[in-house]
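Breakdown of the fold
Below, each chain spelled out in residue letters.
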Amino acid sequence: MNILILGSGGREHALAWAVMQNPKCDKLIVAPGNAGIALIADCAGFDINHGGQVVNFVEENSIDLVIVGPEAPLAAGITDRLRDAGVSVFGPSQAAAALEASKAFTKEICEAVGAPTAAYGHFTDASSAKRYLADQPMPIVIKADGLAAGKGVVIAQTLSEAEASIDDMFGGMFGDAGAEVVIEEFMEGEEASFFVLCDGETVLPMGTAQDHKRVGEGDTGPNTGGMGAYSPAPVLTDAIAQRALDEIIRPTVAEMARRGTPYQGVLYAGLMIKDGAPRLVEYNVRFGDPECQVLMMRLGAQVMDLLHAAADGRLSEARVNWADDHAMTVVLAAKGYPGEYAKGSVIRGFDKVPADSHNMLFHAGTAEVDGQVVAVGGRVLNATARGATLAEAQARAYAMVDAVDWPEGFCRRDIGWRALG
Ligand code: AMP
Ligand code: GLY
């Protein structure tokens, strides 16, 4: 099979690495890719958010399966264009991608099926939002409705902070994403991510992970796209996972089908767990980044068959084969991230980083310039390792980090702390 993966991050490098290992993969192309992906696949440069360009490329290169990594092409309706052209594609339709593209849509679905989640209000103007706020306990969560690159969520400790966020959002700080605002009850507990594959009807649990969203050790400082992750997440016990499936995920998928917008792709449920019960924080309609890296590390070659089965509506025949192992990924980011950071610094030491079936250094924001690898993004490398225990995976991941020679980069040194104690 000829496979095209859309995206350029560590998530897509990990997907490419897993797909490549499947003997059914004859040709793999990633668009646009990065310096690490270029070592294992062909990279192509076209606009992955432009339906016409994607369809042309797929037809010219006899692609059999397209795997969409990030949310932007999904929200832009790329999968609809590809399906109309008769191409197998892994990823939800534009209508179903609303589960990530609109927080108000997800809240309304949860309400319709009775899925446990935070109480909320949905507003299209600042004064009614502020009237609602006046009666709410603090802290409270203010969210821009639309896609805001993970930055559209503010946890306000005081009423004045909450009001200021409302003014920012309606004032255009997040562009169109903030034209509508959701205000949510603050949920306490421990967060974990649950990934399931869907083919419109069948739901197949794929794995659990825990991300580390804050930039600083001990989960302090500003939010990022994620500074590290591990899988499985012990906080998401089998019993809690079953409740999440029964109370949240399966009812959502059934409701999407009932509304004529069946969900196909990976559904990533961000859960808040407290007293043995899960509540939904948010859905994403794609793999998490960096959570994907640890899932791929554990699943390997079977991923391609699973994604293909989801794309073609054959998930009821599929199963996930789990090894009893653990994986961890540590994100190396450019100093200054998630604020301002410099681009163009050279990264060395790749030849000293162990690379075998237990270790993979996935690339995110890298490019090759004159034979050298340079940093071109905020999150740049993902040191990813597998082990019989989480402690072993952690030791291997940090050994990789220590082999990389990149003075302009940094990482958190405590990835896995909640599980390792
Ligand atoms: P989201 O983009 O919706 O995932 O929000 C980003 C982060 O904000 C989440 O991962 C949580 O850590 C936090 N968050 C969002 N909504 C809530 C909530 N209702 N209660 C507590 N924390 C939340
Ligand atoms: N790591 C969080 C996300 O991908 O949304």
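Residues numbered from 1 in each chain as written. Chains lettered and ligands numbered in written order. Predicted model: local features only at pLDDT ≥ 70, side-chain atom pairs only at ≥ 80, totals over all residues. Heavy atoms only, no water.

What about helix α8 (residues 159-170)?
The end-to-end C-alpha distance of α8, which contains 12 residues, comes to 17 Å, matching closely the 16 Å that a straight helix rising 1.5 Å per residue would cover. When α8 is considered as a whole, its buried residues turn out to be A162, S165, I166 and M169. Around the axis of α8, the buried residues are gathered within 100° of arc, so they sit on the same side. The elements touched by buried residues of α8 are α7 (126-133), β7 (140-144), β8 (153-156) and β9 (181-185). Just downstream of α8 lies G172, where phi reads positive at about 100°. (Helix = DSSP H or I, 4+ residues; strand = E, 2+ residues; numbered from the N terminus. Expected span 1.5 Å × (residues − 1). Buried < 20%, exposed > 50% of the residue type's maximum accessible area, 1.4 Å probe, protein only. Arc of directions from axis to C-beta. Contact = heavy atoms within 4.5 Å.)

Here's the deal with the pattern of salt bridges
Enumeration according to the criterion identifies 22 salt bridges in this entry. Here D219 makes a salt bridge to R412, at a shortest N to O gap of 2.8 Å. Linking D219 in the loop between β12 (214-216) and β13 (220-223) with R412 in the loop between β23 (409-410) and α13 (417-420), this pair joins segments that are 193 residues apart in sequence. For R412, a relative accessible area of 1% gives the class buried. For D414, the salt bridge goes to R412, with nearest N and O atoms at 2.9 Å. Relative accessible area serves as the criterion here: at 14%, D414 is assigned to the buried category. The structure contains a network of salt bridges with shared partners spanning E108, E255, R258 and R259. (Salt bridge = Lys/Arg side-chain N within 4 Å of Asp/Glu carboxyl O.)

What about the sheet that holds β8?
One open sheet accounts for four strands, arranged β6-β9-β7-β8; its pairing is antiparallel. Since the sheet does not close on itself, it has two edges, and those belong to β6 (120-123) and β8, each with one partner. On average, adjacent strands in this sheet sit at an angle of 20° to one another, irrespective of strand direction. Sheet topology places β7 next to β8; four bridges connect them, and they run antiparallel. Bridge pairing links I140 to A156 in β8. Along the sheet, α7 makes contact with β6, β7 and β9, crossing β6 at roughly 165°. Strands in contact with α8 are β6, β7, β8 and β9; relative to β7, the strand with the most contacts, it is inclined by about 5°. (Pairing = 2+ DSSP bridges. Axes fitted to C-alpha atoms, helices over the stretch in contact; angles between N-to-C directions.)

What about the site of ligand 2?
Surrounding ligand 2, one finds D211, G225, Y268, N284, R286, G288, D289, P290 and E291. In the environment of ligand 2, an oxygen atom lies 2.9 Å from a nitrogen or oxygen atom belonging to the backbone of D289. In the model, a nitrogen atom of ligand 2 is placed 2.9 Å from a nitrogen or oxygen of the E291 side chain. When the free accessible area of ligand 2 is taken as 200 Å², the share hidden by the protein chains comes to 88%. Among the residues making up the shell around ligand 2, the classes are represented as two nonpolar, three polar and four charged. (Near = heavy atom within 4 Å. Polar contact = N/O pair within 3.5 Å; in protein donor to acceptor, adjacent residues only side chain to side chain. Areas by Shrake-Rupley, 256 points an atom, 1.4 Å probe, with all protein chains shown as cover. Nonpolar A, V, L, I, M, F, W, Y, C, P; charged D, E, K, R; others polar.)

Description of unusual backbone geometry
For the peptide bond that leads from S231 to P232, omega is -5°, which places it in the cis range. Note that P232 resides in the loop between β14 (228-231) and α9 (238-258). In this model, Y337 is joined to P338 through a cis peptide bond whose omega is 10°. Structurally, P338 is set in the loop between β17 (326-334) and β18 (346-347).

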